[in-house]
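Summary of structural features
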Amino acid sequence: AQSVTQLDSHVSVSEGTPVLLRCNYSSSYSPSLFWYVQHPNKGLQLLLKYTSAATLVKGINGFEAEFKKSETSFHLTKPSAHMSDAAEYFCVVTRSGGYQKVTFGTGTKLQVIP
Amino acid sequence: GAVVSQHPSRVICKSGTSVKIECRSLDFQATTMFWYRQFPKQSLMLMATSNEGSKATYEQGVEKDKFLINHASLTLSTLTVTSAHPEDSSFYICSARDRARTNTGELFFGEGSRLTVL
């Protein structure tokens, strides 16, 4: 069994300030974890992924996330928010193997204030 | 690489008609494709999982006769909304797993299809 919790439905930051989007997971197995971004009326784009290699994962557009097994967390961070970062972000958990089910978080809407 | 093309991006139809949405993996073979429905300001709701050459597995509460899924090849899956009604209006998204990268669990998403039923 697996689940993922995104603790904040909305996050608002000023342009140029750090971004923190929180994600906690539970899994009976060693998980694979992902962050995806969705802009309005668009599909989902992969930001970064953790698949049991390095615990600090760097993604596109300056985002990174750290896998902390002891805290069952995979929080997404960025040092300095840009206006173009305003979007919906989804934390996703699955496990390796082509037929494994994927579980989505409920999403966090990031607002960037100029 | 790993591009998923979803078509059409927007479709408007009359109540009672059927609508087909295509999902194609352009540069990889997709062993498994997933179909989701997304309501405004909500997360993705998995509707069904389709594996190439076999019948789709539907999630609880999703009518298989209403939402027909066909995964006839390793690069194409289709979702047909039959006898569409206004309550079927939604954003539908497909995703696919790369046959060569199943160990990562990574999904590649289409751009989504906005269905409006009048």
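One structure accompanies this document, and this report is about it. (Residues numbered from 1 in each chain as written. Chains lettered and ligands numbered in written order. Predicted model: local features only at pLDDT ≥ 70, side-chain atom pairs only at ≥ 80, totals over all residues. Heavy atoms only, no water.)

Residues and elements named next belong to chain B. Position of A48 among the secondary structure elements: in strand β5 (residues 44–51). Each C-alpha atom of the pair A48 and E59 lies 5.6 Å from the other, and the pair is 11 residues apart in sequence. Each residue touching A48, except ones within four places of it in the same chain, is listed here: M33, F34, W35, T57, Y58, E59 and I69. (Helix = DSSP H or I, 4+ residues; strand = E, 2+ residues; numbered from the N terminus. Contact = heavy atoms within 4.5 Å.)

Turning our eyes to something else, we now look at the pattern of salt bridges. Summed over the entire model, instances satisfying the criterion amount to 7 salt bridges over all chains. Between K42(A) and E111(B) there is a salt bridge, with the nearest N and O atoms lying 3.8 Å from each other. Placement of K42(A) in the loop between β5 (32–38) and β6 (44–50) and of E111(B) in the loop between β10 (108–109) and β11 (113–117) is noted, with the two residues assigned to different chains. Overall, E111(B) belongs to the partly exposed group, its relative accessible area being 41%. R24(B) serves as the salt-bridge partner of E22(B), at 3.5 Å between the closest nitrogen and oxygen. (Salt bridge = Lys/Arg side-chain N within 4 Å of Asp/Glu carboxyl O. Buried < 20%, exposed > 50% of the residue type's maximum accessible area, 1.4 Å probe, protein only.)

Let us look at unusual backbone geometry. Phi is mostly negative for residues that are not glycine, and the peptide bonds are mostly trans. With an omega dihedral of 0 degrees, the bond running from H7(B) to P8(B) counts as a cis peptide bond. Its location among the elements puts P8(B) in the loop between β1 (4–7) and β2 (10–13). One non-glycine residue with positive phi stands out, namely N61(A), at about 60 degrees. Among the secondary structure elements, N61(A) is positioned in the loop between β7 (56–58) and β8 (64–68). Positive phi, close to 45 degrees, is recorded for S83(B), a residue that is not glycine. Its place among the elements puts S83(B) in the loop between β8 (76–81) and β9 (90–98). Of the residues examined, S83(B) reaches a relative accessible area of 34% and is grouped as partly exposed.

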